[in-house]
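Examination of the molecular architecture
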Amino acid sequence: MATVRINMSKPEEELADKPYRELSFMEKVKSRRHKSSESTKAFKQFCRILFTFQSTTQLYVFLVYILPGLFEDGWTRYWMKVLAVFLCLEWLINYFCTVLYSTDFQKTRDSPTVHMKERWENPPEYFESYASESTLSNGHATEVMNIQHDNGELPFTFCDKCKIYIPPRTHHCDICKTCILKRDHHCYFAGTCIGFRNQRYFYVWAFYSIWVGSLGFYFTVEYLKEFYSPYSWTDFIPVVAFYRWVSGTENMSFHIVLLILHLYLELMCAIFGMIYFSGQTMFVARNMTMFEFVKKIKVKSKNSLNQNYRSVFGDFWALNFLFPMTILFKQRENGITWDGLKIDYNSNHE
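Scoring rules and cut-offs
- Per-chain numbering applies: the sequence of each chain, read as written, is numbered from 1 onward.
- In keeping with the predicted nature of the model, local features appear solely for residues at pLDDT of at least 70, side-chain atom pairs appear and are counted solely at 80 or more, and the whole-chain, interface and lining totals rest on all residues.
- Each side-chain value is worked out from all heavy atoms of the structure, with water and hydrogens disregarded.
- Comment: elements are numbered from the N terminus, with helices defined as DSSP H or I runs of at least four residues and strands as E runs of at least two.
- Partly exposed describes any residue whose relative accessible area lies between the buried limit of under 20% and the exposed limit of over 50%, with all areas from a 1.4 Å probe on protein chains only and scaled to the type maximum.
- Note on contacts: a residue pair is in contact if any heavy atoms of the two residues lie within 4.5 Å.
- Using the Shrake-Rupley algorithm and a 1.4 Å probe, accessible areas are obtained, with residue cover drawn only from the displayed protein chains.
- Put simply, a patch holds well-exposed residues, over 30% relative accessible area, that have no salt bridge, with like charges counted together within 9 Å and Val, Leu, Ile, Met, Phe, Trp or Tyr side chains within 5 Å.
- Any Lys or Arg side-chain nitrogen found within 4 Å of a carboxyl oxygen on Asp or Glu counts as a salt bridge.
- N or O atoms within 3.5 Å of each other form a polar contact, as long as, within protein, one can give a hydrogen and the other can take it, and as long as residues adjacent in sequence are counted only when both atoms are side-chain atoms.
- Between N-to-C directions, angles cover 0 to 180 degrees, with each direction set by a line fitted to C-alpha atoms, over the stretch in contact for helices.
- Crossing chirality is assigned from the near helix's rotation relative to the far helix, an anticlockwise turn below a right angle marking it left-handed and a clockwise turn marking it right-handed.
- Each residue is assigned to one class: nonpolar for Ala, Val, Leu, Ile, Met, Phe, Trp, Tyr, Cys and Pro, charged for Asp, Glu, Lys and Arg, and polar for all the others, Gly among them.
- UniProt positions are given in the numbering used here, feature names are shortened, and annotations may be inferred rather than shown by experiment.
- Here, the term nonpolar core denotes a set of buried Ala, Val, Leu, Ile, Met, Phe, Trp, Tyr and Cys residues that are joined through side-chain atoms within 4.5 Å.

1. Considerations on the overall build of the protein
A tally of helices and strands in the protein yields 8 helices and 10 strands. Burial status across the protein gives 39% buried among its 350 residues. Across the protein, the fraction of contacts at a sequence separation of at least 24, relative to all contacts at a separation of at least 6, is 59%. With an accessible surface of roughly 21900 Å², the protein has 60% of that area assigned to carbon and sulfur atoms.

Structural data, given as structure tokens:
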């Protein structure tokens, strides 16, 4: 018996084979989106590699060179090392929690609005059919969905891309290609969306980025002023410093090259940490997200400042700045229903 094999080419391969001028308008849009997605993934990997490099090498030069060189007293040097390790660990822990905690709105078989591990745990009264007393002509049951009743709660909306009903404050991310629960923004440095489950870690990560960047920059400058004598200002360019080290310049060692590179990384870390920390402070205090702020969606919260912070961090929210308290203190909100909050989605339409 003869077999027929058909090779089906992917749309991306077909677009790659065609010259750009011969593509239609929609094909050009798809081609640009595909290239943008690839560049975004590459930038995400670059940022993660850069973060790993900075966190490890910066802690190394601090413990081995900077602190022993700047502090002669033994106890002062000891406690400064403890502080450096503490700041680095807090920075790393909150970064990994930001990246690893899933923020997507998971679709379930029975209802996209209920997160249950077992089917029989779903209360049946939560579900209604489009036509509760009728069936389709082919004998199959009608499609089942979750209908929001007029009980004062914020309405659900339908995502045309994910084909599911999503709760209020949940929005689709074209980069992550999924709906994000309480979407704040897509962080290119972390390579993930900031939403309901990881906003608390992103907030603290930005807080410690300020300390790691600013203190690191200050002590690096003090060490270079004390132990490094550059020939000219060009020696503070990382590429030039690396070349002088490779060529065997007398006063250029490898850890000096690392310190010069760290100057730029630490300054960038401190600046972006201040920007994001100040922004998150404003958004959390007002119980709104960056997405709602950018889209000019009016959000009115009747809750107090303490309630808004507990909504993000859980009880005793200030302790999260010392150590992540996810296990001990859960978030009071579930990411689906929002007490004391009114959102006007039509406010950004003139």
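2. Things to note about a nonpolar patch on the surface
Taken together, the side chains of Leu83, Phe86, Phe316, Leu319, Leu322 and Phe323 make up a nonpolar region of the molecular surface, amounting to roughly 570 Å² of accessible area. Counting through the fold element by element, Leu319 comes out in the loop between α8 (305–313) and β10 (341–344).

3. What about the pattern of salt bridges?
One pass over the structure, following the stated rule, counts 5 salt bridges. For the salt bridge of Asp174 with Lys161, the shortest nitrogen-to-oxygen distance reads 2.5 Å. On the criterion of sequence distance, the pair formed by Asp174 in the loop between β5 (171–173) and β6 (178–180) and Lys161 in the loop between β3 (157–159) and β4 (164–166) is long-range, its members being 13 residues apart. The pair Asp174 / Lys161 is uniform in exposure class, with both members exposed. Where Arg244 meets Asp235, a salt bridge forms, and the shortest distance between an N and an O atom there is 2.5 Å. Residue Asp235 is classed as buried on the basis of its relative accessible area of 1%.

4. Some words on the environment of Glu292
As for its placement among the helices and strands, Glu292 is situated in helix α7 (residues 290–294). Residue classification places Glu292 among the buried positions, given a relative accessible area of 1%. Between the alpha carbons of Glu292 and Asp184 there is a distance of 7.8 Å; along the sequence they are 108 residues apart. If near-sequence neighbours (up to four positions away) are discounted, Glu292 is found in contact with Arg169, Ile297, Val299 and Ile343. Within the structure, the side chain of Glu292 is placed 2.9 Å from the side chain of Arg169, a separation counted as a polar contact.

5. Notes on the packing of helix α4 (residues 199–227) against helix α6 (residues 254–285)
Running from N to C, α4 and α6 point in directions that differ by 145°, and their axes come no closer than 6 Å. In this structure, α4 crosses over α6, and the sense of that crossing is left-handed. The class makeup of the residues in the contact of α4 with α6 is 20 nonpolar, 10 polar and 1 charged.

6. Examining the UniProt feature "transmembrane region" (unreviewed entry) in the protein
Mapped onto this numbering, the UniProt entry annotates "transmembrane region" (unreviewed entry) at residues 46–66, 78–101, 202–221 and 252–277. When the span residues 78–101 is considered, its composition is 96% helix and 0% strand, and the gap between its end C-alpha atoms is 34 Å.

7. Observations regarding the nonpolar core
If you look at the biggest cluster of nonpolar residues, it comprises 20 residues, and the most contacted ones within it are Trp91, Cys187, Trp205 and Phe313. Residue assignment for this core shows that the elements contributing at least two residues are α3 (74–100), α4, α6 and α8. Examining the composition of this core, we find that 6 residues originate from one element, α4, more than from any other. With near-sequence residues (within four places) excluded, Phe313 lies in contact with Arg200, Tyr203, Val204, Asn320, Phe321, Phe329 and Gln331.

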